[in-house]
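Each chain is listed here by its residues.
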Amino acid sequence: MPHIPYSERPLFRPGPRTLNWLIPLGMGAVGWALYMRYMVVEPTLVALACEAGLESSGCYGRAAVLALSLWNVFGAVALAVALIQFIAPGLATFAVGTVFSAFALVFHNEIAGAIAAMMLILSFARPGPATA
């Protein structure tokens, strides 16, 4: 594989086939996060049932989301992956960054999620990996 100078590499641009699964992935992440927040985490009846000892997947998911949100894990992961994406753009890091950025924005890590989303957008102006 010949070495392509950095300035001659094409910009990072996912193609149409890639977007066919990136868009549903992002929408699914936002949908799941909204469902968890407004149907499992915030309702008082669900909170009372889970705290009373109900053992269900919803209660386990609620506990996991609350613990991860308390420690700002969604925002930290989104920022870390977005920084990697900004330095060396790639499809996998863009997908993971999109998902965790959506989680961070919905689960009260707004600042970290917004900065991560901005860095993901800025990664479109960076040259992608050498393909020739």
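Residues numbered from 1 in each chain as written. Predicted model: local features only at pLDDT ≥ 70, side-chain atom pairs only at ≥ 80, totals over all residues. Heavy atoms only, no water.

Visitor: So what's going on with the overall build of the protein chain? Which residues, and what values?
Guide: A tally of helices and strands in the protein chain yields six helices and zero strands. Mapped in sequence order, the helices and strands of the protein chain form the string α-α-α-α-α-α. Against the compact-globule benchmark of 14 Å for 132 residues, the protein chain has a radius of gyration of 18 Å, which places it well outside the compact range. Dimensions along the principal axes, computed over C-alpha positions, put the protein chain at roughly 65 × 25 × 20 Å. Within the span of the protein chain, comprising 132 residues, buried residues form 34% of the whole. In the protein chain, of all internal contacts separated by at least 6 residues, the share reaching a separation of at least 24 is 75%. Surface summary for the protein chain: the accessible area is close to 8,000 Å², and the carbon and sulfur share equals 73%. (Helix = DSSP H or I, 4+ residues; strand = E, 2+ residues; numbered from the N terminus. Rg over C-alpha atoms; globule rule 2.2 N^0.38 Å. Buried < 20%, exposed > 50% of the residue type's maximum accessible area, 1.4 Å probe, protein only. Contact = heavy atoms within 4.5 Å. Areas by Shrake-Rupley, 256 points an atom, 1.4 Å probe, with all protein chains shown as cover.)

Visitor: Hey, could you go over the side chain of serine 101 for me, with residue numbers and the actual values?
Guide: One can find serine 101 in helix α5 (residues 91-106). On the accessibility criterion, serine 101 (4% relative accessible area) is buried. Each residue touching serine 101, except ones within four places of it in the same chain, is listed here: Ala78, Gly113, Ala116, Ala117 and Leu120.

Visitor: Account for the packing of aromatic side chains, naming residues and giving values.
Guide: On inspection of all chains with the given rule, the structure shows nine aromatic pairs. On the numbers, 5.9 Å between centres and 55 degrees between planes, the contact of phenylalanine 12 with phenylalanine 94 is tilted. Placement of the pair is phenylalanine 12 in the segment before α1 (16-41) and phenylalanine 94 in helix α5, with a sequence separation of 82 residues. Taking the relative accessible area as the measure of exposure, phenylalanine 12 reaches 7% and is therefore buried. Joined through ring pairs, the aromatic side chains of Trp32, Phe74, Phe100, Phe103 and Phe107 make up one cluster. (Phe/Tyr/Trp six-rings, centres within 6.5 Å; stacked < 30°, edge-to-face > 60°.)

Visitor: I'd love a proper account of the nonpolar core, names of residues and values included.
Guide: In this structure, Ala29, Ala33, Met36, Val65, Phe74, Phe103 and Phe107 are the most contacted members of the largest nonpolar core, which totals 13 residues. Among the secondary structure elements, those contributing two or more residues to this core are α1 and α5. Ignoring sequence-local partners within four residues, the contact set of valine 65 consists of Trp32, Met36, Val41, Phe74 and Phe107. If you look at the next biggest cluster of nonpolar residues, it comprises nine residues, including Phe12, Leu22, Ala95 and Leu120. (Core = buried A, V, L, I, M, F, W, Y, C linked by side-chain atoms within 4.5 Å.)

Visitor: Can you explain the environment of tyrosine 38? Please cite residues and give values.
Guide: You can see tyrosine 38 is positioned in helix α1. Note on tyrosine 38: relative accessible area 44%, which makes it partly exposed. Distance in space between the C-alpha atoms of tyrosine 38 and serine 57 is 16 Å, their sequence separation being 19 residues.

These results come straight from atomic positions and should not be treated as a statement about function.
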